[in-house]
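Commentary on secondary and tertiary structure
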Amino acid sequence: MGADFSADELMTVAAARELTDRTVCFVGIGLPSTAANLARLTHAPRTVLVYESGTIGSKPATLPLSIGDGELAETADAVVPVPEIFNYWLQGGRIDVGFLGAAQVDRFGALNTTVIGDYERPKVRLPGGGGAPEIAAMAKEVIVIIRQSPRTFVERVDFRSSVPGSGAMVVITDLGVLRPDPESRELTLRRIHPGVSVEQAQEETGWDLRVADDLEKTDSPSEEELGVLRELNQALEARA
Amino acid sequence: MGADFSADELMTVAAARELTDRTVCFVGIGLPSTAANLARLTHAPRTVLVYESGTIGSKPATLPLSIGDGELAETADAVVPVPEIFNYWLQGGRIDVGFLGAAQVDRFGALNTTVIGDYERPKVRLPGGGGAPEIAAMAKEVIVIIRQSPRTFVERVDFRSSVPGSGAMVVITDLGVLRPDPESRELTLRRIHPGVSVEQAQEETGWDLRVADDLEKTDSPSEEELGVLRELNQALEARA
Amino acid sequence: MAELVSLDEAVRDLVHDGDSVALEGFTHLIPFAAGHEVVRQEKRELTLIRMTPDLIYDQLIGMGCARKLIFSWGGNPGVGSLHRFRDAVENDWPVPLEIEEHSHAGMANRYAAGAAGLPFAVLRGYKGTELMEHSETLAPITCPFTGEELTAVPAIRPDVGIVHAQRADRHGNVQLWGIVGVQKEIVLASARSLVTVEEVVDELEPRPGAIVLPTWVVTAVAEAPHGAHPSYAHDYYDRDNRFYQRWDEVSRDREGFRDWMVEHLGLAAGSWQLAEQDHGR
Amino acid sequence: MAELVSLDEAVRDLVHDGDSVALEGFTHLIPFAAGHEVVRQEKRELTLIRMTPDLIYDQLIGMGCARKLIFSWGGNPGVGSLHRFRDAVENDWPVPLEIEEHSHAGMANRYAAGAAGLPFAVLRGYKGTELMEHSETLAPITCPFTGEELTAVPAIRPDVGIVHAQRADRHGNVQLWGIVGVQKEIVLASARSLVTVEEVVDELEPRPGAIVLPTWVVTAVAEAPHGAHPSYAHDYYDRDNRFYQRWDEVSRDREGFRDWMVEHLGLAAGSWQLAEQDHGR
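This write-up is about the structure you can find in this document.

Here is what the cut-offs are and how they apply
Residues numbered from 1 in each chain as written. Chains lettered and ligands numbered in written order. Predicted model: local features only at pLDDT ≥ 70, side-chain atom pairs only at ≥ 80, totals over all residues. Heavy atoms only, no water. Pairing = 2+ DSSP bridges. Helix = DSSP H or I, 4+ residues; strand = E, 2+ residues; numbered from the N terminus. Axes fitted to C-alpha atoms, helices over the stretch in contact; angles between N-to-C directions. Contact = heavy atoms within 4.5 Å. Buried < 20%, exposed > 50% of the residue type's maximum accessible area, 1.4 Å probe, protein only. Least-squares fit on C-alpha atoms with pLDDT ≥ 70 in both. Phe/Tyr/Trp six-rings, centres within 6.5 Å; stacked < 30°, edge-to-face > 60°. Buried area = accessible area lost by both parts, 1.4 Å probe. Polar contact = N/O pair within 3.5 Å; in protein donor to acceptor, adjacent residues only side chain to side chain. Salt bridge = Lys/Arg side-chain N within 4 Å of Asp/Glu carboxyl O.

1. Some thoughts on the sheet that holds strand S9 (residues 139-142) of chain C
Residue and element names in this part refer to chain C. Taken together, three strands build an open sheet; the order of strands is S8-S10-S9 and the sheet is antiparallel. Here the strands that pair on one side only, and so sit at the sheet edges, are strand S8 (120-123) and S9. The mean angle between the axes of side-by-side strands here comes to 45°, regardless of whether they run parallel or antiparallel. Relative to strand S10 (residues 149-154), S9 runs antiparallel, the two being bridged by four bridges. In the sheet register, Pro-140 faces S10, and the bridge partner there is Thr-151. In this fold helix H5 (residues 104-115) packs onto S8 and S10, with an angle of close to 140° to the strand it touches most, S8.

2. A look at helix H3 (residues 55-62) of chain D
Residues and elements named next belong to chain D. Most of H3 is tucked away, with eight of its eight residues classed as buried. Those residues of H3 lying buried are Leu-55, Ile-56, Tyr-57, Asp-58, Gln-59, Leu-60, Ile-61 and Gly-62. Trailing H3 by a residue or two, Gly-64 shows a phi angle of about 80°, which is positive.

3. Topic: the relation of the copies chain D and chain C
Expressed as a screw operation, the relation of chain D to chain C combines 0.0 Å of axial shift with a rotation of 180°, fitting to an RMSD of 0.0 Å. The operation mapping one copy onto its partner corresponds to a two-fold rotation axis. It is Pro-208 of chain D whose C-alpha, among those of chain D, lies nearest the rotation axis, at 1.9 Å.

4. Things to note about the packing of aromatic side chains
Ring pairs (aromatic) are described by centroid distance and by the angle formed between their planes. In the structure shown here, the tally under the stated rule is 20 aromatic pairs over all chains. Look at Phe-153 of chain A and Trp-207 of chain A: their rings are 5.6 Å apart centre to centre, the planes differ by 15°, and that puts the pair in the stacked class. Pair noted here: Phe-153 of chain A is in strand S11 (residues 153-154) and Trp-207 of chain A is in the loop between helix H6 (198-203) and strand S15 (210-217), with a separation of 54 residues, a long-range link. In this structure, Phe-153 of chain A and Trp-207 of chain A share a single accessibility class: buried. Ring geometry for Phe-26 of chain B versus Phe-86 of chain B: centroids 6.0 Å apart, planes at 55°, classification tilted. In this pair, Phe-26 of chain B sits in strand S1 (residues 24-27) while Phe-86 of chain B sits in helix H4 (residues 82-91), placing the two residues 60 residues apart along the sequence. For the pair Phe-26 of chain B and Phe-86 of chain B, one class covers both residues: buried.

5. Observations regarding helix H2 (residues 32-40) of chain D
Burial runs high along H2 of chain D: eight of the nine residues are buried. The complete set of buried residues in H2 of chain D reads Phe-32, Ala-33, Ala-34, Gly-35, His-36, Glu-37, Val-38 and Val-39 of chain D.

6. Observations concerning the environment of Ala-16 of chain B
All names here are of chain B. Tracing the backbone through its elements, the reader meets Ala-16 in helix H1 (residues 7-17). Once the C-alpha coordinates of Ala-16 and Thr-34 are considered, the two residues, 18 residues apart in sequence, prove to be 8.3 Å apart. The contact partners of Ala-16, leaving out residues within four places of it in the chain, are Ala-35, Leu-38, Ala-39 and His-43.

7. Brief notes about the interface of chain D and chain C
Facing 26 residues of chain D, the contacting portion of chain C comprises 26 residues. Summed over both partners, the interface of chain D with chain C comes to about 1700 Å²; 80% of that surface belongs to carbon and sulfur atoms. In terms of surface lost to chain C, no three residues of chain D exceed Pro-119, Phe-120 and Phe-145 of chain D, which account for 32% of the buried area on that side. For the pair chain D and chain C, the number of links is two residue pairs in polar contact (both at pLDDT 80 or more).

8. Digging into the environment of Arg-239 of chain D
Mapping Arg-239 of chain D onto the fold places it in the loop between strand S15 (220-223) and helix H8 (241-250). Measuring from C-alpha to C-alpha, the distance between Arg-239 of chain D and His-229 of chain D comes to 7.2 Å, with 10 residues separating the pair along the chain. Leave out the neighbours within four places in its chain, and Arg-239 of chain D touches Leu-65, Ser-66 and Asp-69 of chain A together with Pro-77, Pro-230, Ser-231, Tyr-232 and Tyr-244 of chain D. Separated by 2.7 Å, the side chains of Arg-239 of chain D and Asn-241 of chain D make a polar contact.

9. Concerning the pattern of salt bridges
All names here are of chain C. Evaluated as defined, the whole model comprises 64 salt bridges over all chains. Of the charged contacts in the structure, one is a salt bridge between Glu-100 and Lys-68, with a shortest N-O distance of 2.9 Å. You can see Glu-100 sitting in strand S7 (residues 98-101) and its partner Lys-68 sitting in strand S4 (residues 66-71), a full 32 residues away along the chain. Three or more residues are tied together by salt bridges with common partners; here these are Arg-67, Lys-68, Glu-98, Glu-100 and Arg-110.

What follows is the structure, given as structure tokens:
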């Protein structure tokens, strides 16, 4: 890991790079929102941000603290009721990219955001599915952002909260970038971040991690990427 | 029939009288709209008019010429999309009274607004059901306005476009007022207009018309009723 | 992203013979100018979809553009019959017209299902009506929780959806207000969409009651001032009620109707003199 | 017609022990003041319904008002866990909490079905998820036209729906704008409804993006200025983000939470010292 940027910064930059311009993104709060706005403020200015609170085409100057911040409505092209955002816009097949986080991901991309332990008597009760089950199923591509460790990269999730639909999937971690194998659908390490070894990625995975033959290396965040990202985060902290 | 008012005027006044104040009315264009606005401008000022174009609480100063006149939107408490007006407002059970017209009505209140003759090769193709099938089924009370004759009061309608739901029903004609018998659901003459005989009502009915034992007589339109009605109609003609 | 193009280019690019086409606008913002362009370009074998086939569908049907009509109420509002529609259904003139008939609630829900990416919608309604017996697009459906029987209707997803709106900006974002009808639903339900607008402006200032269709759900925007006449465009012009009343006379007779269309749409006379077949009974 | 009443009177009249109650507002206009009044009046055995149980549900659950929660995402947005919600689910404190869990899309459609008078709604979704196996409120349903299998969810019709809005007029007509969420749906779906408002005004001037709920679909309107704090009311006040962050600390510990509630809601201390049962595992 380089000394000039944090693992979270690298993850966010790697996620932002997945967005091409004019993409319609369904965004959750936190890292996904940061990544989408970073993309919008750097290489993909015409990215369309859709928040599940019903704001379409929001162009916030600063990062929202909640998914329903007033600024998201004020800068939106349209604000629609919540049933409409899920029915006409997400289920209607209009979302190119959905961002998701999770507590656990398994070998085949199932996500757990519900419980650690047993569902009926959980050790840790997590927030639950929220918009994720339908985002995972309906978006043309799903970008999952999750820190990689044997506790998060598990052979079998404690609860299948969301499962990938027919769209593409990419999993971005603090160690690298994974995609499902086109045949077996098994998550495969396709790219590794600067300063990370394949062994390290395998050690932080709860199954026998497959590595692509043509493993690529992630470029370090550029000065522009880091500059914009830090400005976004500083403005966020100042408001919080 | 009295000399001082027409049969249409009497029908409209009789329909308006069926509305009590604070009633929520789902209104179609033509006589129903005239009757509902007459009620609103006389004995029932807080009648709420809902038009199927999505205007809720319209308070037009003059009668609309179409169901979607701009004035209906401008004077409304709310304007909603058409799917919403049918789903949340009509099907949601929020309509007290629905007004309907028809080309034919049968002994048990089924209405035909679709065809005269065979459906596949009609002699006369009528406009069709429009909002009527759901209004008939969902409104708490349905008021049907129709001129009475052997061609309109038929033993069996050529096409069942709309059938009464579980709500109340009243049929207002140029000869009298009919309601379903509480047991048999057969339309029964309950009230007769001034100057009309029971024999006349029976002659103008295509089945053996039942007459209530306690047959009442319709009061002639009052000066106020006729005055307001004629003002409405004159203003309408001036605009047409 | 919507392209800003001319109306004739838009119709040429988006509407093809045999397409299913919905020109929507519930009493307000009826896309007459776009419909006239479809007539001018002599599109044929269309499946026309519209809750309330208005004068514009009477014209399209009378000019032989349609082979099928999906609708819920086919009249001249406040006036009476649509004579060309009746002539087509009753006498197959100028060509036979297949019909698929629903209630307003059914049509609105079919559009909403189309917009929502669902294959069908559920509603209370149609029960006891004869439409149930004459339609392959109605089916009973049982609530899995209560056992109640309701009615299912299939989604409508036109090849082309056409609506009229007050404004668009130069990026192709569309704004409309007043009675909004099913405009949003039909644009979202259609594979391709055309929005004609009263004017293209620099900025869409927010307005009470206005909805915005973002440019990326619209295929083409074409400026067509007065493009909803004789219906109306809220805050632009009123409904031309006299036109609706005159139409009753104009459309009553086949020859008179054709002459009127040739004259008022500036059609080349020859192409419209269809060989008339005797479909009388 | 809605009655204009005080908040304590409204809660007293409309909310009864054992009721199903939805306090809605998606991230915006969350009815905190109304929720606090429910706590003050010591309502018990409630079935609480809300897409995103927020701090207000953490408080209601922690004070022992709820026996069941119907929800789709239970967290402190941007911060982390709802500790009282977790303590109830994980340790049955202060009382056991039954849960009925859905996705956002499922909840939104359940509300919409309730508003539309339908027993169920249909959506794509839930397929392959374990929620299907843990829920009696999810069922497969087959499209009668295409044969495709989708998911049905039952309508939600709360005994009481509570929302916050910016304004009402003196007749009880309600106006709200900004993110409108599911406010309309929950008012229309509920048997009784309470709307708290920032202010009662003489006239509701039309505003861009505003919706109006007519007085005759609302049971009671109560003035509650700042009634959505620490969430926000668009054009009135901003979200109190620091409050959300501080809540993480306040709510982490049972004693500290109770003390905070007693102090901040001005509760009579005695009534809240529930006999604590050992539900630890």
